[in-house]
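Residues per chain, in single letters:
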Amino acid sequence: MIVKLRHCPLAEGEHFNSTRQYCHVNHYKNTICWARAIMFIPVPHQMGLLAHEIGHLIVLARGKEIHYEPEADKAIEDLLGIKIRYKSGKYGEDLQYLSEKDTDTMLRFLQGEEAT
């Protein structure tokens, strides 16, 4: 599956209404829509958000239109062996992030490299 990233006015509005809302899927096929604010948060949060949204796309590709948030986390964990974590802070309540090791794994994945 090829995943596209796209800036989206709807994502901008969602972020305006909820600080923790930086991106979404299922707006355009195989696409993660993002708000510009994602560029101003720490990389571990960026990678955690992208990993989570890719997890949603994996679950959707399996034909499961209706699913729960933990299913998205589990899908990316099964694929890459990374664990999405959550913490609250100035970037949002219960916001996804990755450990340093998992951030590196996710960056390599996004660059098309093999995960180790």
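One structure accompanies this document, and this report is about it. Remember, predicted model here, so these are calculated numbers, not experimental data.

1. Describing the packing of helix α2 (residues 43–61) against helix α3 (residues 69–80)
Two numbers describe how α2 lies on α3: the axes approach to 7 Å, and their chain directions differ by 95°. The orientation of α2 relative to α3 falls into the category roughly perpendicular. In this structure, α2 uses A51, H52, I54, G55, H56, I58 and V59 to contact α3, whose residues at the interface are E69, E71, A72, D73, A75, I76 and L79. Classifying every residue of the contact of α2 with α3 gives eight nonpolar, three polar and three charged.

2. Overview of the sheet that holds strand β1 (residues 4–7)
If you trace the three strands from one edge of the open sheet to the other, you get β1-β3-β2, paired in mixed fashion. Strand pairing shows two members of the sheet lacking a second neighbour, β1 and β2 (23–24), which therefore form its edges. Relative to strand β3 (residues 31–34), β1 runs parallel, the two sharing four bridges. By the bridge assignment, K4 is partnered in β3 with T31. Together, β1, β2 and β3 form the strand contacts of α2, whose direction differs from that of β3 by roughly 140°.

3. A closer look at the packing of aromatic side chains
Inspection of the entire model under this criterion finds zero aromatic pairs. When the ring centre of Y28 is taken as origin, the NZ or CZ atom of R6, which lies over that ring, is 3.8 Å away. In this arrangement the basic side chain of K87 is found over the ring face of Y97, its NZ or CZ atom lying 4.5 Å from the centre.

4. Topic: the pattern of salt bridges
Following the criterion strictly, the structure yields three salt bridges and no others. Measuring nitrogen to oxygen at the nearest pair gives 4.0 Å for the salt bridge that ties E12 to R36. Of this pair, E12 sits in helix α1 (residues 9–17) while R36 sits in the loop between β3 and α2; the two residues are 24 residues apart in sequence, bridging distant segments of the chain. Of the residues examined, R36 reaches a relative accessible area of 45% and is grouped as partly exposed. With a shortest N-O distance of 2.5 Å, E71 and K64 are connected by a salt bridge.

5. Considerations on the pairing of β3
In terms of strand pairing, β2 meets β3 through two bridges, oriented antiparallel. Bridging across to β3, H24 finds its partner in C33.

6. Considerations on unusual backbone geometry
The phi angle at N26 is positive, at roughly 75°, despite the residue not being glycine. Within the secondary structure, N26 is located in the loop between β2 and β3. The partly exposed category is assigned to N26, whose relative accessible area is 47%.

Cut-offs applied
- Residues numbered from 1 in each chain as written.
- Predicted model: local features only at pLDDT ≥ 70, side-chain atom pairs only at ≥ 80, totals over all residues.
- Heavy atoms only, no water.
- Axes fitted to C-alpha atoms, helices over the stretch in contact; angles between N-to-C directions.
- Helix = DSSP H or I, 4+ residues; strand = E, 2+ residues; numbered from the N terminus.
- Parallel < 35°, antiparallel > 145°, perpendicular 65-115°, else oblique.
- Contact = heavy atoms within 4.5 Å.
- Nonpolar A, V, L, I, M, F, W, Y, C, P; charged D, E, K, R; others polar.
- Pairing = 2+ DSSP bridges.
- Phe/Tyr/Trp six-rings, centres within 6.5 Å; stacked < 30°, edge-to-face > 60°.
- Lys NZ or Arg CZ within 6 Å of the ring centre and 35° of its normal.
- Salt bridge = Lys/Arg side-chain N within 4 Å of Asp/Glu carboxyl O.
- Buried < 20%, exposed > 50% of the residue type's maximum accessible area, 1.4 Å probe, protein only.

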